[in-house]
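Structure assessment
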Amino acid sequence: MGLRGAAMELFIKLFGDLLVFVYHCFDRIVIHGYLSGLSRPEQVAYFFRRVVGVPVISKEVLSRRTSEYQNWVEAFARNHDIPIEWAEKGVRKEDHVRPWLRRMIRKNAYGVYFIFKSMEQGPTFRITVPKFPTKDPDHRILARQKSRFTHDYFYIRDEVLGPMVMRVATFFPFQTTYYLNGHSFIEQELNRARIGFRKNDNAFLAVDDVAALQAAANRLSPAIIRERLDYWTFVLGPKFSKKERRRINLKRFYSIAQVEYCRNFIFKRHFPIHKLFERSCELGLWRLTSDKIASIFGQRLNRKLRGKLATVIDQIEHGHHVYRAYFKHAFLKQYEKFSTFLRNELTSNTLKDFGLRKGLDNLEAVREKFQAITDRFASYQAQWLNVHVDFPLLQRIALPVTKGSVRYPGIKIHDTRVIRLMEVLLHGGTRVGGWTAKEIHAAVLTTFSLSEKRYRLNQLRYDLRKLKGHALLERDGSRYAYRLTTKGVEVALLFLFFHKRLCGPLANSRFHHQPVAEHRPDSRLEAAYHRADAAIQKIVDLLAAA
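Below: a short report on this structure. This structure is a prediction, so every number in the text was calculated from the model and none was measured.

Our focus in this paragraph is helix H5 (residues 182-192). Across the eleven residues of H5, eight count as buried, placing the element largely inside the fold. Every buried residue of H5 is accounted for by Gly182, His183, Ser184, Phe185, Ile186, Gln188, Glu189 and Leu190. The opening residue of H5 is Asn181, an N-cap whose side-chain oxygen sits 2.8 Å from the backbone nitrogen of His183. Looking one or two places after H5, you find Arg194, whose phi comes out positive at around 55°.

This is how it looks when you write it as structure tokens:
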């Protein structure tokens, strides 16, 4: 499974029989691209005055470059038949462009498939005339500022990185932002290797080769990312002449603005992962204290700590909750999807919180650091998830079921006839070939001293039909002989233990006779009954006081 560390060994030890596979990878990566030769005011002044040959730098000079680029984008979209639209407020861009992406996938084509235009704030330069006269009458003061102007979003299907987004600021210094997804890169790698998989909602739910999946995730490197970003920036970014490129450094410097690293636990479909997640949240809210959060993030608490330090549960949508643990400007989150996979995800907006540099070349150090943090978080989660959770068996089995055109009534926990029948079937469970209805009927009458009038053969057949409809009973081939299924044995034991070992003794002590605690026999079971009696009495007293 590609797991490392004692924490993963603990998780596998506790839940290995419930897991299909586990993998970890980068999820979302946001990268800023800066023109290293035009990022400072003095560089811009040198570029226009010495390289371009413009004596006076004005807002119109900068705007001319913006207009030229915007005209080029519109011509590019027109020549390649690419839709270009203004983004509407309240409309999610990814949902809007999805039909065009599907069209590209069906055609097995790569390239730009949609362009959005949006008015957003971005870095640019303010130009002012000096307050006092200078030796150079053409001198202007340039200063960094943020202003609102047009940004172009290019939606791209790349051969290596898969679907990605490139945002270009249309005003100097033309800062670019790239939105990548590690799962898209893995998908491309698996397709190239012809490895079968099933992917849904940004997660791999099934794969033919788990080792190949993890190896593909590990192959995402700075070199691969830089090569593809350089290519698309050259094709779609602002245009510069050969003379301008020769006179000044116009290479892009890439820095990581945001990174998400996830560890995915894929469970078997029948496992009640949602109940486990709820239980984990309940325990985590009060057990994940500040010192444990700091320990997970690999740092020590001190009074100079800045940023958040808390645990919360957010409700993203109805029935979908996310558990978050905040530390400085980063947070760990956990959520479940489709009652199938559980995801632990570390999100960082400032790599400085972890003592890491933001340059793209440091991506491998980010991977190692974030792997260790999610590994420690999984260790705590393994302990929290190792608990009993509520499974509504009694509610489910009490409801009628329909199979084809046949409707079978539910089985109630207080149905005395069914309890007697289950006890007889359990005691005769070793009988080879099963029991006929008449043999079962005779055993029930003999065991519980009943007459045929109190429990007729037709009543037994009705009860057998209910058990069979709920998959608790099966026939021996084509013979009319019956025996309990594996599920039937477990349900029968649960019903009998509930009545004879739990509900019956406690009900008797509450309403008929309560044994004196001082003279109870030396029995763990009897001690447990007394503790349960005391707990029930405490709840009764609290309710009475309220």
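Picking up after the structure, the text goes on.
This paragraph deals with a nonpolar patch on the surface. Together, Val489, Leu493 and Phe497 make up a nonpolar patch on the protein surface, roughly 240 Å² of accessible area in all. Structurally, Phe497 can be placed in helix H16 (residues 486-511).

At 3.6 residues per turn, the α-helix brings residues three or four places apart onto the same side. Between the first and last C-alpha of helix H15 (residues 457-469) there are 18 Å, a value that for 13 residues agrees with the 18 Å anticipated at 1.5 Å per step. When H15 is considered as a whole, its buried residues turn out to be Gln459, Leu460, Asp463, Leu464, Lys466, Leu467 and Gly469. If you follow the buried residues of H15, they end up packed against strand E14 (401-403), strand E15 (406-408), helix H13 (416-427), helix H14 (437-447), strand E17 (473-475) and strand E18 (481-484).

All right, on to the environment of Arg157 then. Tracing the backbone shows Arg157 in strand E4 (residues 141-158). Ignoring anything within four residues of it in the chain, the contact list for Arg157 reads Leu101, Met104, Ile105, Asn108, Ala109, Tyr110, Gly111, Tyr113, Gly162, Pro163 and Gln188. Among the polar contacts listed, one links the side chain of Arg157 to the backbone oxygen of Ala109, at a separation of 2.7 Å.

The rules behind the values
Residues numbered from 1 in each chain as written. Predicted model: local features only at pLDDT ≥ 70, side-chain atom pairs only at ≥ 80, totals over all residues. Heavy atoms only, no water. Buried < 20%, exposed > 50% of the residue type's maximum accessible area, 1.4 Å probe, protein only. Helix = DSSP H or I, 4+ residues; strand = E, 2+ residues; numbered from the N terminus. Polar contact = N/O pair within 3.5 Å; in protein donor to acceptor, adjacent residues only side chain to side chain. Patch = residues over 30% accessible without salt bridge, like charges linked within 9 Å, V, L, I, M, F, W, Y side chains within 5 Å. Areas by Shrake-Rupley, 256 points an atom, 1.4 Å probe, with all protein chains shown as cover. Salt bridge = Lys/Arg side-chain N within 4 Å of Asp/Glu carboxyl O. Expected span 1.5 Å × (residues − 1). Contact = heavy atoms within 4.5 Å.

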